Amino acid sequence: MISQTYPITGIKEGLGPAPGQTPLRQEISAWSENPENVQQVNLFLLALRHFQDNDEIPFTAKLSYFQIAGIHGFPLKPWDENTESKVPDLQDGYCTHNSVLFPTWHRPYLMLFEQRIYEIMLEIIAKFPEQQRATLLKHANAWRFPYWDWAVEGAKVPAIVSDAKRTVLLPSGLTAEIDNPLLTFRTPEPMGKYGITRIHEDKTHEAVDAPYDKARATSRYPPVGYAEPHDLEAWVKGVQKDDIVADALAEAKWYKIDPTVHPGRTGIRDAVHRLLSDNYFSTYRGFATTAKGQSDPKAYLSLEFVHNNIHNWVGGGGEQGSPYGHGHMTEVPVAALDPIFWLHHCNVDRQFAIWQALNPNLWFDKPEDQLPDKEGNWSTPGGTVVTPKTPLAPFHKDKNGTVWNSDEVRYLKDLGYSYPELQPWLPKYFVGGVFKEELYI
Ligand code: TYR
């Protein structure tokens, strides 16, 4: 029995740059390269390193990086729930993919990650000399988790992620060169020791053999096999071939789209532009998820579809005949172990929020092909009934086990963060020259 559940509340502190505004989640390169943010960037790197360190927060602890990443997939265990009974449901982990719950489930998941980093920042600030603490606290309160905008022209893995080492200022006043905690998640023992297993075939039953159990770090574009000692070593130590990520993003070979059938297949920017175009989708489901038909561009394009392809282009090996193995980001059960997962999902959440602001009246709706049952519930094609009240397990709002639902994560203003594009100076928030908070999402 879980005596107290962990309340995911969002960060409640801090002021945004404009009146009535919560602090913004910012684009990671612009944020990290702005000299005004050196103290925030320093706190962030110190906190992320602490979060990932088994000696600081053991992987057996509910609030460790390892366990929080594990909610998404492996190890297939309940998290913050009292429930052996849940175990059989957890064949794929808790994450909801190919479901209308895809955008909303990942929202409290990201809030949890952001909140943990903030909590650790506060612990680290307490170790700094007293006279520095008030300033550091102000920086921590105004901080929100950054996003990686993989849709900009020339998108590549941000330098703050690709750098092997980063210099940080320690509470003692000394500087240190540390292994970059954004590059990869490292574990002292092979991850099999903590319950991460090998994957032999992917979900379409294509043979892949990815020794995630042997890895002691996450990889992007690892070798395709591991029979050769140097390939095994690459898997164990982790490789991050971020130049290849940039090439894959530029090439944008969308899966399942045959270019001879859809000669207009274009890049990521075009896809995102269509995602966010006025009236492109007539339903929330159409925008949100791959759980719909695949026959025309509007049917195959969705936030989830774009997101899936980014996962594969970042992890590597997802395309038929690829000379690379499946890096962590390519496989749902292990994707969240790679730190870049969080930066990617923050951008997915941002696109979701921008779309919501553009389409304020669209929300959960019945699928075109099914009618709601007597209670007004409808099913995903897989048969599970989902509604905007479906619990987004295992994310709790309070200590008493109350679980978040999609309706409750609909408006960012309740959640303690916003994005640069959603600032309240947009004219629509000012009616008769007065700022209308209720219109601001
Ligand atoms: N491999 C998945 C696919 O091809 C993409 C994906 C990977 C989606 C990891 C989510 C995720 O967490 O659809």
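Residues numbered from 1 in each chain as written. Predicted model: local features only at pLDDT ≥ 70, side-chain atom pairs only at ≥ 80, totals over all residues. Heavy atoms only, no water.

Student: An account of the pattern of salt bridges is requested, with residue identities and associated values reported.
Tutor: If you walk through the whole model with that rule in mind, you get 21 salt bridges. Note that K62 and D80 form a salt bridge whose closest N and O atoms lie 2.6 Å from each other. Here K62 is found in the loop between α2 (38–52) and α3 (65–71), whereas its partner D80 is found in the loop between α3 and α4 (102–125), with 18 residues between them in sequence. Residue D80 is classed as buried on the basis of its relative accessible area of 3%. Between D163 and R166 there is a salt bridge, and its shortest N-O distance comes to 2.9 Å. When salt bridges that share partners are traced, they join R25, R107, E114 and D349 into one network. (Salt bridge = Lys/Arg side-chain N within 4 Å of Asp/Glu carboxyl O. Helix = DSSP H or I, 4+ residues; strand = E, 2+ residues; numbered from the N terminus. Buried < 20%, exposed > 50% of the residue type's maximum accessible area, 1.4 Å probe, protein only.)

Student: Describe the pairing of strand β2 (residues 175–179), listing the residues and the values that go with them.
Tutor: Two strands pair when backbone bridges link them, and strand β1 (residues 165–169) and β2 are joined in this way by five bridges, in the antiparallel orientation. Across the sheet, residue V168 finds its bridge partner in β2, namely A176. Linking β1 back to β2 in an antiparallel pair, the connection comprises five residues, with G173 at a positive phi of about 100 degrees. (Pairing = 2+ DSSP bridges.)

Student: Which residues make up empty space enclosed by the protein, and what are the values?
Tutor: Tallied over the full model, the rule gives two cavities of 30 Å³ or more. Put simply, the second largest cavity is a space of about 30 Å³. Going through the elements one at a time, α4 and α13 (340–358) are the ones with two or more residues in the lining of the second largest cavity. If one sorts the elements of the lining of the second largest cavity by residue count, α13 sits on top with four residues. (1 Å grid on protein atoms, 1.4 Å probe; cavity = no way out; pocket = protein on both sides within 12 Å on 5 of 7 lines; lining within 4 Å. Points joined across faces, edges and corners; volume = space filled by probe spheres on them.)

Student: Lay out α13 with the relevant residues and their values.
Tutor: The α-helix advances 3.6 residues per turn, and as a result positions three or four apart in sequence lie on the same side. With 19 residues, α13 should reach 27 Å at 1.5 Å per residue; the first-to-last C-alpha distance of 27 Å fits that figure. Burial within α13 is extensive, with 18 of its 19 residues counted as buried. (Expected span 1.5 Å × (residues − 1).)

Student: How would you explain the environment of N141 if you had to name every residue and give the values?
Tutor: Along the chain, N141 falls in helix α5 (residues 130–142). The class for N141 is buried, based on a relative accessible area of 14%. For the pair formed by N141 and M121, sequence separation is 20 residues and the distance between their alpha carbons is 9.5 Å. The contact partners of N141, leaving out residues within four places of it in the chain, are I11, E13, G14, P23 and Y118. (Contact = heavy atoms within 4.5 Å.)

Student: Break down the packing of α4 against α5 for me, with residues and values.
Tutor: It is the contact of α4 with α5, at a shortest axis distance of 10 Å, that shows an interaxial angle of 175 degrees. Viewed along their axes, α4 and α5 adopt a mutual orientation that is roughly antiparallel. Where α4 approaches α5, its residues Y118, M121, L122 and I125 are matched on the opposing element by R133, L136, L137, A140 and N141. Of the residues assigned to the contact of α4 with α5, the class counts are seven nonpolar, one polar and one charged. (Axes fitted to C-alpha atoms, helices over the stretch in contact; angles between N-to-C directions. Parallel < 35°, antiparallel > 145°, perpendicular 65-115°, else oblique. Nonpolar A, V, L, I, M, F, W, Y, C, P; charged D, E, K, R; others polar.)

Student: Can you explain the nonpolar core? Please cite residues and give values.
Tutor: Membership of the largest hydrophobic core comes to 118 residues, with the highest contact counts inside it found for F44, Y109, I117, I268 and W342. The element best represented in this core is α4, accounting for 13 residues. For F44, the residues in contact, after removing those within four places along its chain, are W31, I117, M121, W143, F145, P146 and L182. (Core = buried A, V, L, I, M, F, W, Y, C linked by side-chain atoms within 4.5 Å.)

Student: Provide a residue-level description of unusual backbone geometry, including the pertinent values.
Tutor: A cis amide bond links F74 with the next residue in sequence, P75, at an omega value of -10 degrees. Residue position: P75 is located in the loop between α3 and α4. A cis amide bond, omega 5 degrees, links A393 with the succeeding residue P394. Along the polypeptide, P394 turns up in strand β7 (residues 391–396). The phi dihedral of Y221 falls on the positive side, at around 60 degrees, and the residue is not glycine. Locating Y221 in the fold gives a position in the loop between β4 (207–210) and α7 (229–237). Non-glycine residue N279 carries a positive phi angle of around 60 degrees. Along the chain, N279 falls in the loop between α9 (268–275) and α10 (284–288). Residue class for N279 comes out exposed when judged on its relative accessible area of 65%.

Student: Explain the packing of helix α12 (residues 303–315) against α13 to me, using residue names and the numbers behind them.
Tutor: Where α12 meets α13, the closest approach of the two axes is 11 Å, and the angle between their N-to-C directions is 160 degrees. When the interaxial angle is binned, α12 and α13 end up roughly antiparallel. Relative to α13, α12 is oriented so that their crossing is right-handed. Contact with α12, carried on its side by L303, H307, I310, H311 and V314, involves I340, F341, H344, H345, V348, Q351 and F352 of α13 and no other residues of that element. (Left-handed = near helix turned anticlockwise from the far one by under 90°.)

Student: Outline the pairing of β7, listing residues and values.
Tutor: With respect to burial, β7 is a largely interior element, five of its six residues being buried. Pairing of β7 with strand β8 (residues 403–405), which is carried by two bridges, proceeds in the antiparallel orientation. The residue bridging H396 from the neighbouring strand is V403, located in β8. Adjacent in sequence and paired antiparallel, β7 and β8 are bridged by six residues, among which G401 carries a positive phi angle near 90 degrees.

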